[in-house]
Amino acid sequence: AQTVTQSQPEMSVQEAETVTLSCTYDTSESDYYLFWYKQPPSRQMILVIRQEAYKQQNATENRFSVNFQKAAKSFSLKISDSQLGDAAMYFCAYPPQGGSEKLVFGKGTKLTVNP
Amino acid sequence: DVKVTQSSRYLVKRTGEKVFLECVQDMDHENMFWYRQDPGLGLRLIYFSYDVKMKEKGDIPEGYSVSREKKERFSLILESASTNQTSMYLCASSLHGPHTDTQYFGPGTRLTVL
């Protein structure tokens, strides 16, 4: 079965510090997208960042960036200058096979930001 | 902004009842999804639809059915609710396939089956 693994169920970070959330996945495809979604407490899940696997350059969205290592099938999320509003559940997701009309989500990492 | 709404935030039902969860999106999206979210299990896809009256099974369709009579509305039906269906249910939509496109999520319905 094709899977996505988030090995850190919980993490914490001090406000203004940097934290990295890990994600590994398993696919035989060569061209695909990878996603990080964020679910704040009692709020709707939203897309944080998206990476196209065929692009060498790591995606960046303001304080959020990814470290994408295609050969290692690793897709980690780095949050710089952490803010209290970054506290949330973070899910990585990928399509299990090319052209599939669905995503497989990891089990999530709960991030706590300490003031 | 895309808006995805779900009919209830909290719902309490009894075992054996027929339960309807409604989801509406206002951005003319082709694709709609129902997920179930449980602690330690992440999100699991129940059903999805890529067009009106079309539906596809996800990873855990057993005990559920869906209906999509209009493009903007996607309903999840529990024919005979059971206690193991107590969970958070999330609806989502996307313009194109979720393997390339952003999914927009509703606020969720926390269903308790007694």
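Structural data are supplied above this passage.
Criteria and thresholds
- Residues numbered from 1 in each chain as written.
- Chains lettered and ligands numbered in written order.
- Predicted model: local features only at pLDDT ≥ 70, side-chain atom pairs only at ≥ 80, totals over all residues.
- Heavy atoms only, no water.
- Salt bridge = Lys/Arg side-chain N within 4 Å of Asp/Glu carboxyl O.
- Buried < 20%, exposed > 50% of the residue type's maximum accessible area, 1.4 Å probe, protein only.
- Helix = DSSP H or I, 4+ residues; strand = E, 2+ residues; numbered from the N terminus.
- Pairing = 2+ DSSP bridges.
- Axes fitted to C-alpha atoms, helices over the stretch in contact; angles between N-to-C directions.
- Core = buried A, V, L, I, M, F, W, Y, C linked by side-chain atoms within 4.5 Å.
- Contact = heavy atoms within 4.5 Å.
- Buried area = accessible area lost by both parts, 1.4 Å probe.
- Nonpolar A, V, L, I, M, F, W, Y, C, P; charged D, E, K, R; others polar.
- Disulfide = S-S within 2.5 Å.

## A word on the pattern of salt bridges
All names here are of chain B.
- Under the definition given, this model contains ten salt bridges over all chains.
- When the shortest N-O distance is used, the salt bridge between Asp 38 and Arg 36 registers 2.8 Å.
- Take Asp 38: its relative accessible area is 12%, and that puts it in the buried class.
- Note on Arg 36: relative accessible area 10%, which makes it buried.
- Among the salt bridges present, the one from Lys 53 reaches Glu 69, with a minimum N-O distance of 2.4 Å. Taken as a pair, Lys 53 in the loop between β5 (42-49) and β6 (56-57) and Glu 69 in strand β7 (residues 65-70) lie far apart in primary sequence, 16 residues in all.
- Taken together, the shared-partner salt bridges in this structure form one network comprising Asp 28, Glu 30 and Lys 71.

## Some points on the pairing of strand β8 (residues 64-69) of chain A
Residue and element names in this part refer to chain A.
- In terms of strand pairing, strand β7 (residues 60-61) meets β8 through two bridges, oriented antiparallel. Of the residues in β8, the one forming a bridge with Thr 60 is Ser 65.
- Relative to strand β9 (residues 74-79), β8 is paired through six bridges, and the arrangement is antiparallel. Across the sheet, the residue bridging to Val 66 is Leu 77, located in β9.

## Quick notes on the sheet that holds β7(B)
All names here are of chain B.
- In space, the four strands of this open sheet follow the order β1-β3-β8-β7, with antiparallel pairing throughout. Two strands bound the open sheet, and with one partner strand each, they are β1 (4-6) and β7. Shown here is a sheet whose adjacent strand axes are inclined to one another by a mean of 20°, direction ignored.
- Here β7 pairs with strand β8 (residues 73-78) via four bridges, running antiparallel. Considered in β8, the bridge of Ser 67 is made with Ser 75.

## Section: the nonpolar core
- If you look at the biggest cluster of nonpolar residues, it comprises 26 residues, and the most contacted ones within it are Tyr25(A), Trp36(A), Val66(A), Phe68(A), Phe75(A), Leu77(A) and Tyr90(A).
- Where this core is concerned, the elements lending two or more residues are β3 (19-21), β5 (33-39), β6 (46-52), β8, β9, β10 (88-94) and β12 (109-114) of chain A.
- When residues in this core are grouped by element, the largest group, four residues, is from β10(A).
- Beyond its immediate chain neighbours, meaning those up to four positions away, Phe75(A) contacts Cys23(A), Tyr25(A), Leu34(A), Phe35(A), Trp36(A), Gln51(A), Val66(A), Asn67(A), Phe68(A) and Cys92(A).
- Judged by nonpolar contacts, the second largest core, of 20 residues, contains Tyr64(B), Phe74(B), Leu78(B) and Val113(B).

## Here's the deal with the environment of Val4(B)
- Relative to the assigned elements, Val4(B) resides in strand β1.
- We classify Val4(B) as buried; its relative accessible area is 4%.
- When the C-alpha atoms of Val4(B) and Ser82(B) are compared, they prove to be 26 Å apart, with 78 residues separating the residues in sequence.
- With residues near it in sequence (within four places) discarded, Val4(B) still touches Gln44(A), Cys23(B), Val24(B), Gln25(B), Cys91(B), Ser93(B), Tyr104(B), Phe105(B), Gly106(B) and Pro107(B).

## A few points about the interface of chain B and chain A
- In this assembly, 24 residues from chain B lie in contact with 19 residues from chain A.
- Among the residues chain B hides against chain A, the three largest losses belong to Leu43(B), His99(B) and Phe105(B). Together they make up 30% of the total.
- For the pair chain B and chain A, the number of links is zero salt bridges.
- Of all the secondary-structure elements, those providing two or more residues to the side of chain B that touches chain A are β4 (31-38) and β5 of chain B.
- A breakdown of the residues in the side of chain B that touches chain A according to their chemical character gives eleven nonpolar, ten polar and three charged.

## A look at the state of the cysteines
- In the structure shown here, the tally under the stated rule is two disulfides over all chains.
- In this model, Cys23(A) is linked to Cys92(A) through a disulfide, with the two sulfur atoms separated by 2.0 Å. Because the torsion about its S-S bond is 75°, the bridge between Cys23(A) and Cys92(A) counts as right-handed. One end of the pair, Cys23(A), is in the loop between β3 and β4 (24-25); the other, Cys92(A), is in strand β10, with 69 residues separating them in the sequence. There is no split in this pair, since Cys23(A) and Cys92(A) are both buried.
- Two residues, Cys23(B) and Cys91(B), share a disulfide whose sulfurs are 1.8 Å apart. Between Cys23(B) and Cys91(B), the disulfide has an S-S torsion of -75° and is therefore left-handed. Note that Cys23(B) is positioned in strand β3 (residues 19-25) and Cys91(B) in strand β9 (residues 87-94), a separation of 68 residues in sequence. Of the two residues examined, Cys23(B) and Cys91(B), each falls in the buried class.

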